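A closer look at the structure
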Amino acid sequence: MGVVLGVDGGNTKTDVVAATMEGEPVAFVRGRGSNSHGPGGPEGCIAVVAGLVAAAALDEPAQHGAFFLCGADVADDISALQAVLERQPWVRSATVENDTFALLHAADVHDAIAVVCGGGLNCVGRRSDGRVSHRSTLGWETGDWGGAEAVGREALHQAARAEDRRGPDTALIEKVRDH
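Structure report, in brief. (Residues numbered from 1 in each chain as written. Predicted model: local features only at pLDDT ≥ 70, side-chain atom pairs only at ≥ 80, totals over all residues. Heavy atoms only, no water.)

Turning to helix α4 (residues 148-163), a few remarks are in order. Here α4 contains 16 residues, and its C-alpha end-to-end distance of 22 Å stays within 8% of the 22 Å for a straight helix at 1.5 Å per residue. A positive phi of about 65° marks R165, the residue just after α4. (Helix = DSSP H or I, 4+ residues; strand = E, 2+ residues; numbered from the N terminus. Expected span 1.5 Å × (residues − 1).)

Grouped together as the largest cluster of nonpolar side chains are 25 residues, with contacts concentrated most on L5, I46, F67, L69 and W90. When contributions to this core are tallied by element, the ones reaching two or more residues are β1 (3-9), β2 (13-20), β3 (25-32), α1 (41-56), β4 (64-69), α2 (75-86) and β5 (94-98). In terms of residues, this core owes the most to one element, α1, which gives seven residues. Sequence-distant contacts of I46, that is, excluding residues within four places in its chain, are made with L69, L81, V84, L85, Q88 and W90. Core analysis: the next-biggest nonpolar cluster, separate from the first, contains six residues, F68, L104, A112 and V124 among them. (Core = buried A, V, L, I, M, F, W, Y, C linked by side-chain atoms within 4.5 Å. Buried < 20%, exposed > 50% of the residue type's maximum accessible area, 1.4 Å probe, protein only. Contact = heavy atoms within 4.5 Å.)

Glancing now at the sheet that holds strand β7 (residues 121-126). The pairing of strands in a sheet comes from backbone hydrogen bonds and takes either a parallel or an antiparallel form. The strand order β6-β7-β8 describes an open sheet built from three strands, whose pairing is antiparallel. The open sheet has two edge strands with one neighbour each: β6 (112-117) and β8 (132-136). The sheet shows a mean angle of 5° between the axes of neighbouring strands, taken without regard to direction. Bridging between β7 and β8 involves five bridges; their strand directions are antiparallel. Note that in β8 the partner of R126 across the bridge is V132. (Pairing = 2+ DSSP bridges. Axes fitted to C-alpha atoms, helices over the stretch in contact; angles between N-to-C directions.)

A few words now on the pattern of salt bridges. Here the structure, examined in full by the defined rule, presents seven salt bridges. One salt bridge in this structure joins R30 and D15, with 2.6 Å as the shortest N-O distance. On the criterion of sequence distance, the pair formed by R30 in strand β3 and D15 in strand β2 is long-range, its members being 15 residues apart. Among the residues examined, R30 registers a relative accessible area of 54% and is labelled exposed. (Salt bridge = Lys/Arg side-chain N within 4 Å of Asp/Glu carboxyl O.)

Pasting the structure below:
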């Protein structure tokens, strides 16, 4: 039959989808986060994916896997993840990119921009001539802002300031109270 894998690995969750070579879905499994900059590094990241592939109970190794992974930010990250994947018996070949790039593949458009605000903030763009640009933020340590934690802290800050009248009124007051 032959199957392919699609993997979206992020800080908080990892999704594995298997489909036939004709595009018919055969499995979907979701598990915990698989950031390659987290515990276990690239090996830990791929161990999470391997567990999900095992849970998918495929009859044979995948012909190819497209791995869109959090933490695949620079060439060295991608090479390290690729090396771990090459040792896996459950996939014959693999493509590794940052998880933000999955959005560029989600639609059949040539000029596109994708922004993901997760554990960090990543922006990618692709032009119709094939040129690609990728900017990943590394957090407050490098002067970057915009990941989910930073956005959440700012929302709480603005709600608190509005609540005690030190800042402008905002709908965030009710949202924070309700939460």
